[in-house]
Amino acid sequence: MTQTEKFEFQAEVGKVLDIVVGSLYSHSEIFLRELISNASDAADKLRYSALTHPGLTEGHGPFEIILTPDKKEKTLSIKDNGIGMNKQDLIENLGTIAKSGSAEFAAHLTGDNKKDVGLIGQFGVGFYSAFMVAESVEVYSRKAGDEQGWLWKSNGSGSFEISEADNLPVGTNIVLHLKKNFEEFLEPMRLRFIVKQYSDHISIPIILQNGDEKETLNSSSALWARPKSDVTEEQYRDFYRALTHNFDEPWLTLHYSAEGIIEYKALLFIPQKAPFDMFQPDKKRGLNLYVNRVFISNEVEELLPHYLRFVQGVIDTNELPLNVSREMLQHTPVLAKIKKGIVTRLLEAISKKTKDASDYKKFWQDFGIVFKEGLYEDHENIKKIAPLCRFYSSKVEGLTTLEEYISRMVKGQENIYFITGDDLNVLKNNPSLEGFTAKGIEVLLLTDPIDEFWPQVFNEWDGKKILPITHPEKDFSNIQDVEQNTSDSLEEGMQTLLIERVKQILSGHINDVQMTDRLNKSPVALKAGVGQMSIHLERLMKQHGQQQAFASQRILELNPKHALIKKLGKAVFDKVDDDKINDAIWILYDEARAIEGEPLQDPAGFMAKVNAFMENGL
Ligand code: ADP
Ligand code: MG
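Residues numbered from 1 in each chain as written. Chains lettered and ligands numbered in written order. Predicted model: local features only at pLDDT ≥ 70, side-chain atom pairs only at ≥ 80, totals over all residues. Heavy atoms only, no water.

(A) View of the overall build of the protein. The helix and strand tally for the protein stands at 22 helices and 23 strands. Its C-alpha atoms give the protein a radius of gyration of 36 Å, clearly above 25 Å, the size a compact globule of 618 residues would have. With the C-alpha coordinates aligned to their principal axes, the bounding extent of the protein is approximately 125 × 50 × 40 Å. Going through the 618 residues of the protein one by one, you find that 51% of them count as buried. Accessible area for the protein stands at about 30,300 Å²; split by element, carbon and sulfur atoms hold 50% of it. (Helix = DSSP H or I, 4+ residues; strand = E, 2+ residues; numbered from the N terminus. Rg over C-alpha atoms; globule rule 2.2 N^0.38 Å. Buried < 20%, exposed > 50% of the residue type's maximum accessible area, 1.4 Å probe, protein only. Areas by Shrake-Rupley, 256 points an atom, 1.4 Å probe, with all protein chains shown as cover.)

Okay, here's the thing in structure tokens:
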């Protein structure tokens, strides 16, 4: 006769059990998720131990978890062939609170039964959740490498018993004697559903044993939990397709297992194409989070920075309790640490992909517009982000990097210059570029809305300021034109008179009039004042109805070397026909607006004035 020993539960366990046993928690099915998760852990542990002690799995079949409902006995058993537990393990693991789920739960107990029952859902409470549905629980277990097996038994009130059990296979079999109202957990239908919902990704088969019939309930597609060398390209692709609902190949697949400060497994993808709803502000994005292969939540936004929101995939960690609440996810430092790791790995992986320029261009065309947000969002990683950004420029066909831009800077150039606008081709012909082109200074042509914002924060790179061409610094004036425009400027006295006149005519429409050397072929251009919103941004905001009309703070620039401006200056000086001068000023102003992509103030009036001049000229 084997002897039975009786043990008291640790006080904290007692508290947890009191709540669990008496709970009327509406999602009591989570007990199965918890027990399956433990079984899966046990398989992992044996697999791991066998790496150093191959004898442990000698003659051992494939890992599996078998669920057996017995309607006659009213029992449900959950059996695994994992690591198993010896007597000491049983006392420690199923008599005290070791860690994670249950410990967190115990720490949060309020003493108010109603509130504490609510916490069950949040924390899972591990093995002890079995007592939500079972009036008594038997655990048969034999540890790998041991001959002797053990039986642990309890009804969840204060104490448990342990006795020897002979002829057990390696692993653990948990037999739940179900409470009266929980016979639903004997129904194959119900079990199928619960496993699909909570444990589909458990990497070993979960088998329903119904009489002689065996049925695998999960799709055990936890690819991320496998070593990289065990996964084929096709498997990655199929997983990617199932995950993203795409039909193509992933542009980037990143699979790794992080160890050290924080442990997690990641399987991440960047698709070939941006999703149609990439800019829908209310669309939730994020990664799927698993704790020990148990699905916790999808679209966990805390795992990715905003500028990498097009990344999809799975993160699996055991640094969180099962069934952590949404609220906890928002605050736990665990996710913040994982996020940091993900960003580093992703930026490295994306960087590797730049080697194939035409392949990288595909990525950039679809996701660059989002990725660039990183220039103002992620200061910490700016050194990695900036070299991954690509820009159109006035000097080269196709996309360029900041490094390439810098290598092309002309003698005397100290800053990086850019211009913003709606359309690449329109920008290329913007008169404001003329002065830069004449001096051989390259200008980045920025056409995405986000380009209005990042230069406000990311305004220096490699010791060079990143500046809008509307406000060039000294280096601009110091650099000589490649081909000198030898024509004289309008005389200074006349310049002053002309400026006075233009200010008077356009008063209320512009803030200032200035002579400029930024222009070459064109007579006039408009720009925003220092510290003012750029004209492009002002228009974007209007389009989005965000701003009524701005009191216009624009500056009209005149090119003193342009023949038309010289003639106009002289005409003002000579006090020739006032109406003609005024009309000419209005036409030039409208021209400057049109070039910026602004509508004409008064199209009919503009035409009439132009027509009158043409008639005269012909
Ligand atoms: P947690 O899984 O968070 O550690 P649980 O309450 O779920 O907490 O389980 C407590 C411990 O009991 C586990 O850490 C493990 O050591 C042990 N255990 C539970 N179920 C099994 C099992 N099927 N096989 C081996 N060990 C188990
Ligand atoms: Mg557990």
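The structure having been displayed, the exposition proceeds.
(B) Local environment of the pairing of strand E23 (residues 554-558). For E23, the buried fraction is high: 5 of the 5 residues fall into the buried class. Going residue by residue along E23, you find Arg554, Leu556 and Leu558 tucked away on one face and Ile555 and Glu557 tucked away on the opposite face as well. Taken together, the 4 bridges between strand E21 (residues 512-515) and E23 define a ladder with parallel strand orientation. Each residue of the ladder has a partner; that of Val513, found in E23, is Leu556. (Pairing = 2+ DSSP bridges.)

(C) How the structure looks around the packing of aromatic side chains. Tallied over the entire structure, the rule returns 32 aromatic pairs. Ring centres of Phe31 and Phe185 lie 5.0 Å apart, and the angle between their planes is 75°; this geometry places the pair in the edge-to-face category. Taken together, the residues Phe31 in helix H2 (residues 30-52) and Phe185 in the loop between strand E7 (171-178) and helix H6 (188-199) connect sequence positions 154 residues apart. Summarising the aromatic geometry, the rings of Trp251 and Tyr360 are spaced 6.3 Å apart at their centres and angled 50° between planes, so their arrangement reads as tilted. Of this pair, Trp251 sits in the loop between helix H7 (233-244) and strand E10 (252-258) while Tyr360 sits in helix H10 (residues 357-371), and the two are 109 residues apart along the sequence. Here Trp251 and Tyr360 have matching classes, each one buried. Pairwise contacts between aromatic rings join Trp251, Tyr307, Phe310, Tyr360, Phe363, Trp364, Phe367 and Phe371 into one cluster. (Phe/Tyr/Trp six-rings, centres within 6.5 Å; stacked < 30°, edge-to-face > 60°.)

(D) The arrangement of empty space enclosed by the protein in detail. In this structure the tally under the stated criterion is 1 cavity of 30 Å³ or more. In this structure, the largest cavity occupies an estimated 40 Å³ of space. Put simply, the parts of the chain that give the lining of the largest cavity at least two residues each are helix H18 (492-505), E23, helix H20 (563-574) and helix H21 (578-595). Ranked by residue count, the leading element in the lining of the largest cavity is H21, at 3 residues. Residue composition of the lining of the largest cavity, by class: 10 nonpolar, no polar and no charged. (1 Å grid on protein atoms, 1.4 Å probe; cavity = no way out; pocket = protein on both sides within 12 Å on 5 of 7 lines; lining within 4 Å. Points joined across faces, edges and corners; volume = space filled by probe spheres on them. Nonpolar A, V, L, I, M, F, W, Y, C, P; charged D, E, K, R; others polar.)

(E) Molecular detail of the packing of H18 against H21. At their nearest, the axes of H18 and H21 sit 10 Å apart, and the two run at 75° to each other. It follows from the interaxial angle that H18 and H21 lie roughly perpendicular. Contacts between H18 and H21 involve Arg501, Val502 and Ile505 from the former and Asp578, Ile581, Asn582, Ile585 and Trp586 from the latter. Among the residues making up the contact of H18 with H21, the classes are represented as 5 nonpolar, 1 polar and 2 charged. (Axes fitted to C-alpha atoms, helices over the stretch in contact; angles between N-to-C directions. Parallel < 35°, antiparallel > 145°, perpendicular 65-115°, else oblique. Contact = heavy atoms within 4.5 Å.)

(F) Examining helix H1 (residues 11-21) more closely. Along H1, the positions that sit buried rather than exposed are Val13, Val16, Leu17, Ile19 and Val20. In a view along the axis of H1, the buried residues occupy a sector of 165°, so they form one face of it. Those residues of H1 that are exposed and angled more than 90 degrees off the buried face are Ala11 and Asp18. (Arc of directions from axis to C-beta.)

(G) Fine view of the sheet that holds strand E5 (residues 149-154). The strand order E1-E6-E5-E4-E7-E3-E2-E8-E9 describes an open sheet built from 9 strands, whose pairing is mixed. On the outer flanks of this sheet lie strand E1 (4-8) and strand E9 (213-216), each paired with one strand and no other. Between one strand axis and the next, the sheet turns through 20° on average, direction left out of account. Seen against the sheet, H2 touches strand E2 (65-70), strand E3 (75-80), E7 and strand E8 (206-210) and runs at an angle of roughly 25° to E3. Helix-sheet contacts for H6 involve E2, E3, E8 and E9, and the interaxial angle to E8 is about 175°.

(H) Quick peek at the sheet that holds E21. The 3 strands are arranged E21-E23-E22 in an open sheet whose pairing can be described as mixed. Strands with a single pairing partner mark the edges of an open sheet, and in this sheet they are E21 and strand E22 (524-528). Averaged over all pairs of adjacent strands, the angle between their axes in this sheet comes to 30°, without regard to strand direction. Contacts from H18 reach E21 and E23, with the element oriented near 155° to E21.

(I) Main features of a positive patch on the surface. Positive charge collects at one region of the surface, where Lys228, Arg345, Lys352 and Lys355 lie side by side. Among the secondary structure elements, Lys355 is positioned in the loop between helix H9 (333-353) and H10. Lys355 sits in the exposed class, given a relative accessible area of 72%. (Patch = residues over 30% accessible without salt bridge, like charges linked within 9 Å, V, L, I, M, F, W, Y side chains within 5 Å. Salt bridge = Lys/Arg side-chain N within 4 Å of Asp/Glu carboxyl O. Lys, Arg positive; Asp, Glu negative; His and termini not counted. Charge placed at Lys NZ, Arg CZ, Asp CG, Glu CD.)

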